[in-house]
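# Examination of the molecular architecture
Each chain is listed here by its residues.
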Amino acid sequence: MNQAVTINVARSNRVETMRDMGRWQQRLWLLLVIQVLLVVGVYAYQQNSRATPTAVPLLPVSTNVIDRIEIADATTSVHLNKQANRWQLTQSSLPVDNEKITALLEKLNGLRLTWPVANTASSHERFEVGEQKFQRKLRLYEGDKLQAEFYLGSSPGFKKVHLRRAGDNQVYSVALSTMDAATSGDDWLNKQLLTTTNPVNIKGRDYELQKQGENWQLVGETGVSLNTEKVTALVKALASLQVQSVVQEAPKGEPITLAVKSAEGNWQYDFIKTDAGHVVKRSDREQYFSLSQYEYERIAQVARESLLAPATATETSPTTPNSAATNPVEAVVQEATKGLLGN
């Protein structure tokens with residue numbers, strides 16, 4: 001009897017042990033499921049965070065309020081300012097290329113900073129965005145208030161550049177180029193600042209053209225036909241004249257002068273050919289500007305003869321009753337003919 005009791009107790013203990021093991025297995029499985037869910041959740045959160053990072057604007061204000069920009073590299077710098085809603089080079093007050101400055105401001109206004117490529121001070125020199133080693137340093141002002149200051153450095157790819165805001169260790173890769181932020185005044189200069197559109201009078205070396213209605217004529221000359229294409233080409237050349245850069249010293253040489261009158265104003269152009277190239281100055285500007293040989297020749301080299309219409313056959317070979325008197329051969333022939341007829 002004691003043996004039977006002992007067997008029953010043993011069986012009961014094994015059953016209880018198996019039940020306990022089953023409960024622990026259920027708990028372990030539940031724990032494993034929870035761990036898997038946690039891992040999946042964390043991974044999904046990280047992936048979602050990476051896919052949609054928080055984008056921070058580069059500039060704290062709109063570029064519409066920016067009215068002064070300073071751009072520098074290691075050796076040179078240029079200052080631009082907005083006067084009467086027009087951008088100009090601060091030092092010379094010469095007009096800036098409007099398309100170029102607009103393109104830069106639009107790009108800066110649209111830049112958003114997301115994940116940094118580096119966030120340590122030791123990385124600044126490597127990406128060329130340090131205080132001492134940089135490719136560009138830009139300062140943007142609203143009046144006298146500095147609104148933004150940042151550095152542009154090396155390029156990680158096509159039309160991309162590393163950028164770091166002043167006072168911040170984080171370095172970003174943004175869609176911009178150092179070429180967008182030139183440090184030479186000539187690069188920003190409006191190359192068409194000397195153009196004249198719709199002139200009504202053009203006075204050159206040996207001619208003076210006056211516009212009457214839709215037609216041009218030579219002043220003081222009647223019955224002279226003009227080459228319409230040549231006159232039109234001169235008018236278009238004045239309307240599209242492009243300079244290259246500011247000449248620092250006044251050139252030496254005899255100028256070819258061109259006086260032009262239009263609704264915009266009356267100006268005198270001085271074109272000078274030098275050993276170094278070609279130069280032009282207009283009476284409303286104190287600076288001399290270099291220009292290409294092509295621009296020089298299509299305006300300064302125009303002469304009266306080139307503006308005339310091609311002569312007709314009758315104009316080039318006129319005949320008169322006494323023309324034989326000036327032609328010995330014809331005179332001999334005529335005398336011989338008269339002798340034969342007389343016989």
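Notes on the structure follow. Just so it is clear, the model here is predicted, and its values are computed rather than measured.

## Considering the overall build of the protein
Broken down by element type, the protein carries 9 helices and 17 strands. Restricting to contacts in the protein with at least 6 residues of sequence separation, those with at least 24 account for 58%. Surface exposure of the protein reaches about 22,100 Å², of which carbon and sulfur atoms provide 51%.

## A few points about the sheet that holds strand 6 (residues 136–142)
Two modes of strand pairing occur in sheets, parallel and antiparallel, and in both the strands are linked by backbone hydrogen bonds. If you trace the 7 strands from one edge of the open sheet to the other, you get 4-3-2-6-7-8-9, paired in antiparallel fashion. One side of each edge strand has no neighbouring strand; the edge strands of this open sheet are strand 4 (86–89) and strand 9 (171–174). Adjacent strand axes in the sheet meet at a mean angle of 25°, parallel and antiparallel pairs treated alike. Relative to strand 3 (residues 77–83), strand 2 (residues 68–72) is paired through 5 bridges, and the arrangement is antiparallel. Following the sheet pairing, Ile-69 is matched in strand 3 by Leu-80. Of the strands in this sheet, strand 2, strand 3, strand 4, strand 6 and strand 7 (145–152) touch helix 2 (residues 98–110), which is tilted by about 90° from strand 2.

## Looking at the nonpolar core
Formed by 61 residues in total, the largest nonpolar core has its most connected members in Phe-150, Trp-188, Leu-209 and Phe-271. When residues of this core are assigned to their parent elements, the largest contribution, 5 residues, is made by helix 5 (residues 228–239). Contact partners of Phe-150, with chain neighbours within four places excluded, come to Leu-58, Leu-59, Leu-108, Arg-136, Lys-137, Leu-138, Leu-140, Leu-163, Arg-164, Arg-165 and Ala-166. Formed by 6 residues, the second largest nonpolar core is a distinct cluster that contains Phe-127, Val-129, Tyr-151 and Val-171.

## Some thoughts on helix 6 (residues 293–300)
The complete set of buried residues in helix 6 reads Glu-295, Tyr-296, Ile-299 and Ala-300. All buried residues of helix 6 fall inside an arc of 100° around its axis, so they share one side. For helix 6, the secondary structure elements touched by its buried residues are helix 5, strand 14 (256–262), strand 15 (265–273), strand 16 (278–282) and strand 17 (288–291).

## Let's talk about the sheet that holds strand 12 (residues 215–218)
Taken in spatial order, the 8 strands line up as 12-11-10-14-15-16-17-13 in an open sheet, and their pairing is antiparallel. Either end of the sheet is taken by a strand with one partner, and the two such strands are strand 12 and strand 13 (245–247). Here the average twist between neighbouring strands, direction ignored, is 30°. In this sheet, strand 16 lies alongside strand 15 in antiparallel orientation, the contact comprising 5 bridges. Note on strand 16: the bridge partner recorded for Tyr-269 is Arg-282. Packing against the sheet, helix 5 makes contact with strand 10 (199–203), strand 11 (208–212), strand 12, strand 14 and strand 15, and its axis sits at approximately 105° to strand 10.

## Looking at unusual backbone geometry
The phi torsion at Ala-84 lies on the positive side, around 55°, for a residue other than glycine. Relative to the assigned elements, Ala-84 resides in the loop between strand 3 and strand 4. Residue Ser-93 is not a glycine yet carries a positive backbone phi of 65°. Here Ser-93 is to be found in the loop between strand 4 and helix 2.

## Brief notes about the pattern of salt bridges
Within this structure, the stated rule accounts for 9 salt bridges. The partner of Lys-107 in a salt bridge is Asp-180, with the nearest N and O atoms 3.1 Å apart. One end of the pair, Lys-107, is in helix 2; the other, Asp-180, is in the loop between strand 9 and helix 4 (185–188), and 73 residues separate them in sequence. In this structure, Arg-282 and Asp-284 form a salt bridge, with 2.7 Å as the shortest nitrogen-oxygen distance. On the basis of relative accessibility, which here comes to 4%, the residue Arg-282 falls in the buried class. The class of Asp-284 is partly exposed, set by a relative accessible area of 37%.

## Comments concerning the environment of Met-179
Examined against the element boundaries, Met-179 turns out to sit in the loop between strand 9 and helix 4. Given the relative accessible area of 64%, Met-179 is considered exposed. Each C-alpha atom of the pair Met-179 and Leu-104 lies 9.9 Å from the other, and the pair is 75 residues apart in sequence.

## Things to note about the side chain of Ser-154
By the secondary structure assignment, Ser-154 is in the loop between strand 7 and strand 8 (161–165). When its relative accessible area of 16% is taken as the criterion, Ser-154 is described as buried. Beyond its immediate chain neighbours, meaning those up to four positions away, Ser-154 contacts Arg-126, Phe-127, Glu-128, Gln-135, Val-161 and His-162.

Conventions used here
- Residues numbered from 1 in each chain as written.
- Predicted model: local features only at pLDDT ≥ 70, side-chain atom pairs only at ≥ 80, totals over all residues.
- Heavy atoms only, no water.
- Helix = DSSP H or I, 4+ residues; strand = E, 2+ residues; numbered from the N terminus.
- Contact = heavy atoms within 4.5 Å.
- Areas by Shrake-Rupley, 256 points an atom, 1.4 Å probe, with all protein chains shown as cover.
- Pairing = 2+ DSSP bridges.
- Axes fitted to C-alpha atoms, helices over the stretch in contact; angles between N-to-C directions.
- Core = buried A, V, L, I, M, F, W, Y, C linked by side-chain atoms within 4.5 Å.
- Buried < 20%, exposed > 50% of the residue type's maximum accessible area, 1.4 Å probe, protein only.
- Arc of directions from axis to C-beta.
- Salt bridge = Lys/Arg side-chain N within 4 Å of Asp/Glu carboxyl O.

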